[in-house]
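What follows is the residue order along each chain.
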Amino acid sequence: MTTLQRRRAWFQWGFFALFLLAPPLDIFRIDLTQQHAILLGMDWKLGIDAFVKGETDVLGVTLSLLLFGFIPLFGGAALFLWSAWRFGRLYCGWLCPHFSVVEMINKLMIRASGKPSLWEQRLLPEKQADGRILMPNPLYWLAVALAVIGFSFLWALALLTYLLPPFEVYSNLLNGELTRNQTIFLSAATLVLSLEFTFARHLFCRFACAVGHFQSLVWMANSKAMVVGFDTNRAKDCQSCNNACDNVCPMRLKPRTLKRKMFTCTECAQCISACEQVQQGQQKPLLRWVSGPDALPVVTGRDYPKDGDKLSGN
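Reading guide: rules and limits
Residues numbered from 1 in each chain as written. Predicted model: local features only at pLDDT ≥ 70, side-chain atom pairs only at ≥ 80, totals over all residues. Heavy atoms only, no water. Helix = DSSP H or I, 4+ residues; strand = E, 2+ residues; numbered from the N terminus. Buried < 20%, exposed > 50% of the residue type's maximum accessible area, 1.4 Å probe, protein only. Contact = heavy atoms within 4.5 Å. Areas by Shrake-Rupley, 256 points an atom, 1.4 Å probe, with all protein chains shown as cover. pLDDT = per-residue confidence, 0-100. Axes fitted to C-alpha atoms, helices over the stretch in contact; angles between N-to-C directions. Parallel < 35°, antiparallel > 145°, perpendicular 65-115°, else oblique. Nonpolar A, V, L, I, M, F, W, Y, C, P; charged D, E, K, R; others polar. 1 Å grid on protein atoms, 1.4 Å probe; cavity = no way out; pocket = protein on both sides within 12 Å on 5 of 7 lines; lining within 4 Å. Points joined across faces, edges and corners; volume = space filled by probe spheres on them. Pairing = 2+ DSSP bridges. Phe/Tyr/Trp six-rings, centres within 6.5 Å; stacked < 30°, edge-to-face > 60°. Lys NZ or Arg CZ within 6 Å of the ring centre and 35° of its normal.

Chemist: Would you explain the overall build of the chain in this entry?
Modeler: When its secondary structure is counted, the chain shows 13 helices and five strands. The buried share among the 314 residues of the chain stands at 42%. Of all intrachain contacts in the chain linking residues separated by at least 6 positions in sequence, the fraction that spans at least 24 positions is 67%. Element-wise, carbon and sulfur atoms account for 66% of the exposed surface of the chain, whose accessible area totals about 17,200 Å².

Dropping the structure here:
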């Protein structure tokens, strides 16, 4: 694992831990029993109930809606979209708690079958970008099953604690006293997520995730946003490689191509890391992040000279 991928893994699993701990630490949750949200340990109310009860006037409820509703929501959305405008689906590749599970199950499935998903038509090469040889081992199917069921239940439990008092849910689970509705929710969510983690994963990210698609649409509108660039002047150096960059892409994309064909790229940089490992001790990687004027060739497909360096889509 390269330094970049090790750093990304820390971000991913750190955010996954935050995703799980946010409800019990009262960082954020929506408590259906209290009928309001909780943010940073404080009740997050919009003041509508107080207005209905006559405890505040129109000015008071208007200020409350602005301060606790529109400004946080639209401000957060604006920051999120600005990040997508500049860096693409960086949230997906570096933070998303769903995508981190997708990548883990992909790797386990490769160890079990030689393919990252059940729908892949061909086996991946046994030789990895770092020179290691990984041969499929059917025993890893047990690890795949445990990961799918385990993470599905963990996700279902986390989602439930975002809606109900977390320690009540934990206590009921540990004591075998889950209510009927809690049991139905956990069972149904675990089943649906197990099916998704088994059969869909990156397909969900590519075709069904609204959060991801909004980022991609905003990113595509900025021709100078950060993108993976390919040094076409050294394309011949790829002849000695077994398409390592294509093989490691968790979204099953081909990084040495135009930006419009990389619409769902998560900026995970696994293709860059693979190229770096293949070219180690020889030359600089053929793939690297580019932005500004250097990103234009990936958009247009035409060479764009800058400081003697030419990058282009392939």
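Resuming the write-up.
Chemist: Honestly, unusual backbone geometry in this entry has me stumped. Any pointers?
Modeler: With the exception of glycine, most residues fall at negative phi, and the peptide bonds are largely trans. Of note, the phi angle at aspartate 26 is positive, near 55°, even though the residue is not glycine. Structurally, aspartate 26 is set in the loop between helix H1 (3-21) and strand E1 (28-31). We note that asparagine 243 has phi near 60°; this positive angle belongs to a residue other than glycine. Within the secondary structure, asparagine 243 is located in the loop between strand E4 (227-230) and helix H11 (244-248). On the basis of relative accessibility, which here comes to 35%, the residue asparagine 243 falls in the partly exposed class.

Chemist: What should I look at first to understand the confidence of the model for the chain in this one?
Modeler: Detailed reading of the predicted model is not advised wherever pLDDT is low. Here the chain averages 88 in pLDDT, and 89% of its residues register 70 or above. Averaged pLDDT values for the elements of the chain fall to 56 in helix H2 (residues 48-52) and rise to 97 in helix H6 (residues 140-161).

Chemist: Even after reading the chapter, I still don't get the packing of H1 against H6, so can you show me in this structure?
Modeler: To characterise two packed helices, one gives the angle between the axes of the helices and the distance between these axes. Two elements in contact, H1 and H6, have axes separated by 9 Å at closest approach and are oriented at 50°. Relative to H6, the element H1 lies oblique. Where H1 abuts H6, its residues Trp13, Phe16, Phe19 and Leu20 lie against Phe151, Leu154, Trp155, Ala158 and Leu159. Here the contact of H1 with H6 is built from residues that sort into nine nonpolar, no polar and no charged.

Chemist: Looking at this model, I keep getting lost on the layout of surface pockets. Mind explaining?
Modeler: The rolling of a water-molecule-sized probe over the atoms marks out the regions of remaining empty space. Computed from the structure, the largest pocket encloses a volume of approximately 940 Å³. Surrounding the largest pocket, 36 residues form its lining, Lys107, Gln128, Arg132, Val248 and Gln270 being those nearest its centre. Looking at the lining of the largest pocket, the elements with two or more residues in it are H1, helix H5 (97-113), H11 and helix H12 (270-278). The residue makeup of the lining of the largest pocket, split by class, is 17 nonpolar, 11 polar and eight charged. By volume, the second largest pocket is sized at about 680 Å³. Lining the second largest pocket we find 17 residues, and of these Phe15, Phe28, Pro72, Gly76 and Ala77 sit closest to its centre.

Chemist: Please clarify how the sheet that holds strand E2 (residues 36-39) should be interpreted in this entry.
Modeler: Sheet strands line up and pair through hydrogen bonds in the backbone, either parallel or antiparallel. Pairing is antiparallel in the open sheet, where three strands are placed in the order E1-E2-E3. Edge positions in the sheet fall to E1 and strand E3 (42-44), since each has one partner strand and no second. With direction set aside, neighbouring strand axes in the sheet form an average angle of 30°.

Chemist: How do you make sense of the packing of aromatic side chains when you look at a structure like this?
Modeler: Working definition: an aromatic ring pair is given by the centre-to-centre distance plus the angle between the planes. Following the criterion strictly, the structure yields 14 aromatic pairs and no others. Look at tryptophan 94 and tryptophan 289: their rings are 6.5 Å apart centre to centre, the planes differ by 35°, and that puts the pair in the tilted class. With a gap of 195 residues between them, tryptophan 94 in helix H4 (residues 90-94) and tryptophan 289 in strand E5 (residues 287-290) connect regions that are remote in the sequence. Classification of tryptophan 94 by relative accessible area gives buried; the value is 12%. Tryptophan 289 sits in the partly exposed class, given a relative accessible area of 26%. Taken together, the aromatic side chains of Trp13, Phe16, Phe19, Phe28, Phe151, Trp155 and Tyr162 make up a single cluster linked through ring pairs. Its guanidinium or amino end placed over the ring of tryptophan 219, lysine 259 lies 4.5 Å from that ring's centre, counting from NZ or CZ.

Chemist: Teacher, can you tell me more about the pairing of E1 here?
Modeler: In regular strands, side chains alternate between the two faces of the sheet. Of the two faces of E1, only the one carrying Arg29 and Asp31 is buried; Phe28 and Ile30 on the other face are not. Direction of pairing for E1 relative to E2: antiparallel, over a ladder of four bridges. Residue pairing across strands places aspartate 31 opposite histidine 36, the latter belonging to E2. A loop of four residues connects E1 with E2, the two strands running antiparallel in sequence, and glutamine 35 in this loop sits at a positive phi of about 60°.

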